[in-house]
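Observations on the three-dimensional arrangement
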Amino acid sequence: MDEEDGAWLNFRRIFVLQTMFTEQEQNELSLLIKRYEKPQAALLPVLWRIQEKQGWIDQDGMQEAAKICGVPKSHVLGVVSFYTMFFEKPMGRHHVQVCTNVSCMIRGGEKIYDTMKECLGIGHLERTPDGLFSLEEVECMGACGGAPMIAVGERFFEKVTAEDAAAVVQQIRNTGTVPAPIETVQLPELTNL
Amino acid sequence: MKIILPDIPNLRDIDVYVKNGGYGATLLKAFSMRPEAVTDEVKKSGLRGRGGAAFPTGLKWTFMPKGSDRKKFLLINGDESEPGSFKDRQIFEFNPHQMIEGILLASYAMQVSHAYVYIRGEYAHWIRMVEKALADAYSRGFVGDRMRETFKPAGEGVPYSVDITVHKGAGAYIVGEESALMNSLEGERGYPRIKPPFPANFGLWGYPTTINNVETIANIPPIMQMGAEAYAKIGEPKHPGTLLLGVSGHVNRPGVYEVPSGTLLTDMIYNYAQGVPGNKKIKLVIPGGSSMPPLRGDSLEGVKMDAESLKAVGSSIGTGGIMVMDEDTDIVKVLQRISKFYWHESCGQCTPCREGTGWLHKILKRINAGEGSKADVELLEDVAKNIEGRTICALGEAAAWPVKFTVQRFPEEFAQKVSNEPHDQVKLNKVHALRAGGLEPVEIHVPLVVRK
Ligand SMILES: Cc1cc2nc3c(=O)[nH]c(=O)nc-3n(C[C@H](O)[C@H](O)[C@H](O)COP(=O)(O)O)c2cc1C
Ligand code: SF4
Ligand code: FES
């Protein structure tokens, strides 16, 4: 890419970037922003939507979030890097999380993590070459009563053994099934502002 | 006695909830009182916060400026990230409407205009459950502008309505700290703020704000329903009500159990959670989530689960997450894992916390690897002492306490790690039998996804 191209891309990013949100989504976003005193408070929800759309948050995504929430892009970068659930690089379609915090650890969480590393052939916050899986050693997920646990995406699998965990991965490999989607709920209409 | 998670199937369903008296007489009764009278009732009930510090809830509410001329906010803390805690999740899953009703009551008492429920992002599934419950409550006119028609004030009540918004977190334990929670909601990094000013004066966007835990708020409807006096009689007088205690680790039936405060710790472990696998003895119990001082297995007799009783035995109720570790557990390794957590979660604003937590983890790692010395154990205590009380927020203490008290209470474990000489094992507790009759073990916690 020559210099001019780069400059143009930059210009496009800053000034004429096509929004990634459909008109309906934009309307939803403006409703969402009204639920807060300042648009900046919608930053986390906006970033969530961007991550849901593309799996991670890239430079364009940050630029867009910055524009929507009226903050500098540097601020968005600071926020994205602060929270562990926002990804600054592409992750697998199925993000496997293994808890190794105390309640899980003393019931075999570390063994499960080792099994997952071996089974997927990747380490902490890495992605398989086919892009199907990524792995993360996570802190307590609030499922200690079901320890040891793993989560695939949003879905929790509790009281698992290392074999169970491997079976979950194998099932995804075989069937390609995304863990059953959970019904989404529309934001209630805002009435009180 | 179960007032937060009663055994009613499908209580999450708004129809079931309404059929069981939800969004009805209790709200009407409260909305016919002066707002301050509701606060007084909560004050009289003796309710103390369930988010960790056990601060009297009614008293906290009185810190808010009176009247409705200034915008005010209520922020519900559902960040629940303390290792060992998984109780608020049960409320989201099994009784979200009671939390919403609690928010309506609290909002009325303090005349707030908008309430936010901040839930950790890992609970995506449970967030949907709460959003569904909230959408249903909106559509029935129980929340939002239409409240004014649904609940016509009588007596001394004032017309009132409030909006509620669910806000999804994105993974950061420190955000559970109340001032960090506000920063996070405002779209900042989750850095704790220096206090004062306190939230009741300068909270969300600079407006007066009250922060309460999910379980705390879910206690408000029962208080208003049965009256403060009846509520104050439940459990221990100095910390009344029922507690949602999560039992995890080496027990046969881990789960969240709702029990009157003051229930014996041994009853939690042996009756509710059905004892330790293999009938092993217990080496260590953390009674309130991983940042609370651990108790030795041989000092569990007679310990009651409430703020004052636990304080008396040198620990704290915290979030009520009971972690049980059997006689074969490597305590130093557990402590290393705990230290790794606080090191990972330190936001890095204060030097003692940022550097100290790293040091604690590093030293413990060395000791665990068999490369430690006696001086290292002393160094641990020293570093912990230098974090405590020198930081912006209580994460400093949360990191220091487990280290300080584990070193103090399990010296033989450390001695063993740093020398080759044999040492006496920890004197262990006795194994309790399941107590006959009386206590009916009831498991509330139902794993969301059962394997295969
Ligand atoms: C590091 C840290 C983490 C915390 N995490 C939580 C949490 O996850 N949930 C919670 O309710 N309170 C948490 N707290 C306590 C809150 O700061 C606050 O005291 C509490 O939400 C107040 O609610 P309550 O009065 O109803 O207990 C945390 C405190 C600290 C210092
Ligand atoms: S004590 Fe630790 S977590 Fe709390 S503000 Fe200071 S550096 Fe951040
Ligand atoms: S320790 Fe693993 S979920 Fe809590």
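Everything here concerns the structure above.
We now turn to the structure provided with this report. Because the structure is a prediction, the values reported are computed rather than measured.

So, the site of ligand 1
All names here are of chain B.
- As a matter of local geometry, ligand 1 sits amid 18 residues, with Gly-51, Lys-60, Asn-77, Asn-213 and Thr-216 nearest to it.
- Within the backbone of Gly-51, one N or O atom sits 2.7 Å away from an oxygen atom of ligand 1.
- The separation between an oxygen atom of ligand 1 and a polar side-chain atom of Asn-77 is 3.0 Å.
- Out of a free accessible area of 610 Å², ligand 1 has 89% covered by protein chains.
- Take the shell around ligand 1: its biggest share by element is three residues, from strand 4 (residues 209-213).

Quick look at the sheet that holds strand 9 (residues 295-296) of chain B
Residue and element names in this part refer to chain B.
- Read from one edge to the other, the open sheet built from five strands follows the order 6-5-11-8-9, with strand pairing classed as mixed. Edge positions in the sheet fall to strand 6 (255-260) and strand 9, since each of these pairs with one other strand and no more.
- Taken together, the four bridges between strand 5 (residues 242-249) and strand 11 (residues 321-326) define a ladder with parallel strand orientation. What sits directly across from Gly-246, in strand 11, is Gly-321.

Section: the interface of chain A and chain B
- Counting residues at the interface gives 56 residues for chain A and 79 residues for chain B.
- Summed over both sides, the interface between chain A and chain B buries roughly 5500 Å², with carbon and sulfur atoms accounting for 56% of that surface.
- Put simply, chain A and chain B have seven salt bridges between them.
- Among the salt bridges present, the one from Glu-37 of chain A reaches Lys-71 of chain B, with a minimum N-O distance of 2.9 Å.
- At the junction of chain A and chain B, the tally comes to 30 residue pairs in polar contact (both at pLDDT 80 or more).
- Elements represented by at least two residues in the side of chain A that touches chain B include exactly helix 3 (43-54), helix 5 (73-82), helix 6 (102-105), strand 3 (133-138) and strand 5 (155-157) of chain A.
- Residues belonging to the side of chain A that touches chain B are distributed by class as follows: 26 nonpolar, 15 polar and 15 charged.

Describing the pattern of salt bridges
All names here are of chain B.
- Under the criterion given, the structure shown has 34 salt bridges over all chains.
- Here Arg-34 ties to Glu-156 by a salt bridge, and the two come within 3.6 Å at their closest N and O atoms. Taken together, the positions of Arg-34 in the loop between helix 2 (25-31) and helix 3 (35-45) and Glu-156 in the loop between helix 8 (147-150) and strand 3 (163-168) put the pair 122 residues apart, joining distant regions of the chain.
- Residue classification places Arg-34 among the partly exposed positions, given a relative accessible area of 36%.
- Residue Glu-156 is classed as exposed on the basis of its relative accessible area, which comes to 52%.
- Two residues, Glu-122 and Arg-120, come together in a salt bridge whose shortest N-O distance is 3.1 Å.
- On the basis of relative accessibility, which here comes to 12%, the residue Glu-122 falls in the buried class.

Structural notes on helix 15 (residues 331-345) of chain B
Residues and elements named next belong to chain B.
- Taking 1.5 Å as the rise per residue, helix 15 with 15 residues should run 21 Å; its terminal C-alpha atoms sit 21 Å apart, in good agreement.
- Of all the 15 residues making up helix 15, eleven are buried; the element is thus mostly covered by neighbouring parts of the structure.
- For helix 15, the full list of buried residues reads Ile-331, Val-332, Val-334, Leu-335, Gln-336, Arg-337, Ile-338, Ser-339, Phe-341, Tyr-342 and Glu-345.
- At the N-terminal end of helix 15, a side-chain oxygen is found 3.2 Å from the backbone nitrogen of Val-332, two or three residues along, and the residue is Asp-330.

As for the packing of helix 15 of chain B against helix 16 (residues 351-368) of chain B
Residue and element names in this part refer to chain B.
- Packing of helix 15 against helix 16 brings their axes to within 9 Å, and their N-to-C directions diverge by 155°. In terms of orientation, helix 15 lies roughly antiparallel with respect to helix 16. Between helix 15 and helix 16 lies a crossing of left-handed hand. Contacts from Val-332, Lys-333, Leu-335, Gln-336, Ser-339, Lys-340, Tyr-342 and Trp-343 of helix 15 reach helix 16 at Arg-354, Thr-357, Gly-358, Leu-360, His-361, Leu-364, Lys-365, Ile-367 and Asn-368.
- Classifying every residue of the contact of helix 15 with helix 16 by side-chain character gives seven nonpolar, six polar and four charged.

Cut-offs used in this document
- Residues numbered from 1 in each chain as written.
- Chains lettered and ligands numbered in written order.
- Predicted model: local features only at pLDDT ≥ 70, side-chain atom pairs only at ≥ 80, totals over all residues.
- Heavy atoms only, no water.
- Near = heavy atom within 4 Å.
- Polar contact = N/O pair within 3.5 Å; in protein donor to acceptor, adjacent residues only side chain to side chain.
- Areas by Shrake-Rupley, 256 points an atom, 1.4 Å probe, with all protein chains shown as cover.
- Helix = DSSP H or I, 4+ residues; strand = E, 2+ residues; numbered from the N terminus.
- Pairing = 2+ DSSP bridges.
- Contact = heavy atoms within 4.5 Å.
- Buried area = accessible area lost by both parts, 1.4 Å probe.
- Salt bridge = Lys/Arg side-chain N within 4 Å of Asp/Glu carboxyl O.
- Nonpolar A, V, L, I, M, F, W, Y, C, P; charged D, E, K, R; others polar.
- Buried < 20%, exposed > 50% of the residue type's maximum accessible area, 1.4 Å probe, protein only.
- Expected span 1.5 Å × (residues − 1).
- Axes fitted to C-alpha atoms, helices over the stretch in contact; angles between N-to-C directions.
- Parallel < 35°, antiparallel > 145°, perpendicular 65-115°, else oblique.
- Left-handed = near helix turned anticlockwise from the far one by under 90°.

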